[in-house]
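# Structure at a glance
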Amino acid sequence: MNLTVCHAARFLDSAWNNACEMNFRMSTSRRIFIAVFGIIAGAQFAHADSPSVTAVLNSSEAALGETVRLEIRITGARGADAPEEIMVDGLEIRRTGTSQRIEMNNLSLTSSVVYDYTVMPLRAGRFTIPPQTIRVGNNSLRSPALTLNVADSSGRSSGARSGRDAQAAGANNLVFAELIVPSKTAYVGEIVPVQIRMGFDPRVRPRLIEPPEITGQGFTAQKLQQSAENTETISGRLYEVVTYKTAIAAARAGKFEIGPVKAKAQVVVPRRQSPPRARGRSPFDLFDQDDPFSDPFFSNPFAQLGERREVEIKSEPVALEVKPLPPNAPTSFSGAIGNFTMTNEAKPRTVQVGDPITVTTTISGRGNFDRVNAPVVEDERVWHKYPPSSKFKQDDEVGLSGTKTFEMVLSPNDKKQGLPPLVFSYFDPVKEQYVTLHSEAIPISVEGGAAIASSAVGAPSGSAPPAAAARAASPVPSTNKPQDILYQLTELPTKAESFAPIYTRNVFWMAQVFPLLALIGFAGWKIRRARIDNREAQRIAALQHEATDLMHKLHRNDVSPREYYAEASRVVRVKAALASGNRRIDPNMVDVETAAETFKLNSDSRDRLRRLFEQSDEWQYSGARNGPGRVSPESQREVLELIRNLR
């Protein structure tokens, strides 16, 4: 008994020691990993760029009584001294929170601190939030000025909640859409933020089959970005509301109607089985006085079967007046419209004549950054300028606010004590005037001098050229042979004769190259003919294998619409090439008309084939778009049926 207890004690002691040793090893590995990560992070932060500041409002339009969020972000710093309160007459701006973000991009760590403020309008009007001085260590940064337009709650019709309530007030509205354009006027090329709100009654289990689209002419719209999804109670009814953000820019002056916004969705409604309940209206009367949800189906979903029906969602259009830009624009104006600030930096400061100087220009603010070009050099004399490069970092979903950085290389051709001024012009829609920004003087030191002219250029016109003078100074040997009688009696041969064998001469071997090349060409021709005889069979086998492989892929359900329609159109092209026979049509050259003529299709099949190719081109060339992530089973069956009938 005692021996057994002793063995058990030894076993437990050994297990404890092993566990401790394993824990020590794991702790050591973890400490090493943390230390290495800390060293890398410290090195990245040590080599980080100089701190920069950006400021942005989540909306430049607000109604009286609504709050707006102001965000001031300092990039390249872990902390800063930001104001607790910003004083603006007519606005109450207080800091509500601080957060710190660390982002890693390609093993490059970027640290930023974000200060959040809540802006409460106290009266209607147009307000300017002045630049704020932010202390980061020994540096002082200034945020850009921001503009906020505040309207009376009764006058905000385009983004109106009252209109939304009126639209959703009827008990029969299961879905709704609204277009919010905060500004009623704009200038040509000015970026105007736009919101699209789509609401669904959660009981209909909605499924969006066509994404929202802003219709209209005379303007361009950016890609929709889904920004929020929440639940709201409107006129006593619960809705699931999805918010999209985009921006539009008018291409010409005039009065336009933005919208309406159109979309299609599938919703679940009760299947009507009793004729008296359907008397006087359709089973899916969305816009009459009867409410489909009065049906017992929604109180007990398992009482009877429901059915999915397609419904079109449409909003009201919004009027927008577009004004032309004023005449007499500055020569440095490239079409930038908004509110911007510019900073410049040059490296190195001490160079030789002809050495490059990299000038980095940062333009921050809010506006149409796609028309923001690099600043121009005011005086390009004795400077050689190279084309600039640019990169853009946006601060919101649609790229309305952000920072655009240009790098331009200047090379001095003479001694200089400073860089030439850089000029950037833009149009301020709030002030309704052009604004021109000039860079501050950047002192540099250019050593050396201008290139020395050649001696030939500086020589007097009356003097002889140096080469001619040298030839005159040096004696020229006479080339005249003495007229001796010996040259008249005997004439030596101009070329020495040789009696070596012919095969030792280069001409003989060069002459043998031509028969050798002819023999090699004949052999290559025979090999090519042999390959051509079998190439057609190999081509047909390769096309058949490709068609079979693509048909297998078309039966999958996890493929994206872009890949699916690309593979489907490729199957049609391959089958047309196989059916062409002796014509040997290249699959890459097959279009709708060629395929229809090859398979002798009727008008209905020809139209279906044309729609297939149009869908493939749309997904292939229009980029990623808002829509379903998968192809519906009905669409798959239609595509497979069309391809199987191609014989």
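In the block above lies the structure referred to throughout.
Residues numbered from 1 in each chain as written. Predicted model: local features only at pLDDT ≥ 70, side-chain atom pairs only at ≥ 80, totals over all residues. Heavy atoms only, no water.

## Some words on the sheet that holds strand S10 (residues 146-151)
Note: strands within a sheet are paired through backbone hydrogen bonds, in either parallel or antiparallel orientation. One open sheet accounts for three strands, arranged S2-S10-S7; its pairing is mixed. Every interior strand has two partners, whereas the edge strands, strand S2 (61-63) and strand S7 (125-129), have only one. Between one strand and the next, the sheet's axes are offset by a mean angle of 30°, whatever the strand orientation. Relative to S10, S2 runs parallel, the two sharing three bridges. Looking at S10, one finds that Ala-63 is bridged to Ala-151. (Pairing = 2+ DSSP bridges. Helix = DSSP H or I, 4+ residues; strand = E, 2+ residues; numbered from the N terminus. Axes fitted to C-alpha atoms, helices over the stretch in contact; angles between N-to-C directions.)

## Focus: the packing of helix H7 (residues 561-579) against helix H8 (residues 592-599)
Relative orientation of the contacting elements H7 and H8 amounts to 45°, with a least axis distance of 10 Å. Overall, the two elements H7 and H8 adopt an arrangement that is oblique. For the pair H7 and H8, the crossing hand works out as left-handed. Contacts from Val-572, Lys-575, Ala-576 and Ala-579 of H7 reach H8 at Ala-595, Thr-598 and Phe-599. Partitioned by chemical class, the residues of the contact of H7 with H8 number five nonpolar, one polar and one charged. (Parallel < 35°, antiparallel > 145°, perpendicular 65-115°, else oblique. Left-handed = near helix turned anticlockwise from the far one by under 90°. Contact = heavy atoms within 4.5 Å. Nonpolar A, V, L, I, M, F, W, Y, C, P; charged D, E, K, R; others polar.)

## Quick notes on the environment of Ser-439
Relative to the helices and strands, Ser-439 is located in the loop between strand S30 (433-438) and strand S31 (445-447). Sequence-wise, Ser-439 and Leu-422 are 17 residues apart; in three dimensions their C-alpha atoms are separated by 5.2 Å. Discounting chain neighbours no more than four positions away, the residues touching Ser-439 are Met-342, Asn-344, Pro-421 and Leu-422. A distance of 2.8 Å separates a polar atom in the side chain of Ser-439 from the backbone nitrogen of Leu-422. (Polar contact = N/O pair within 3.5 Å; in protein donor to acceptor, adjacent residues only side chain to side chain.)

All we've got here are geometric facts, nothing functional implied.
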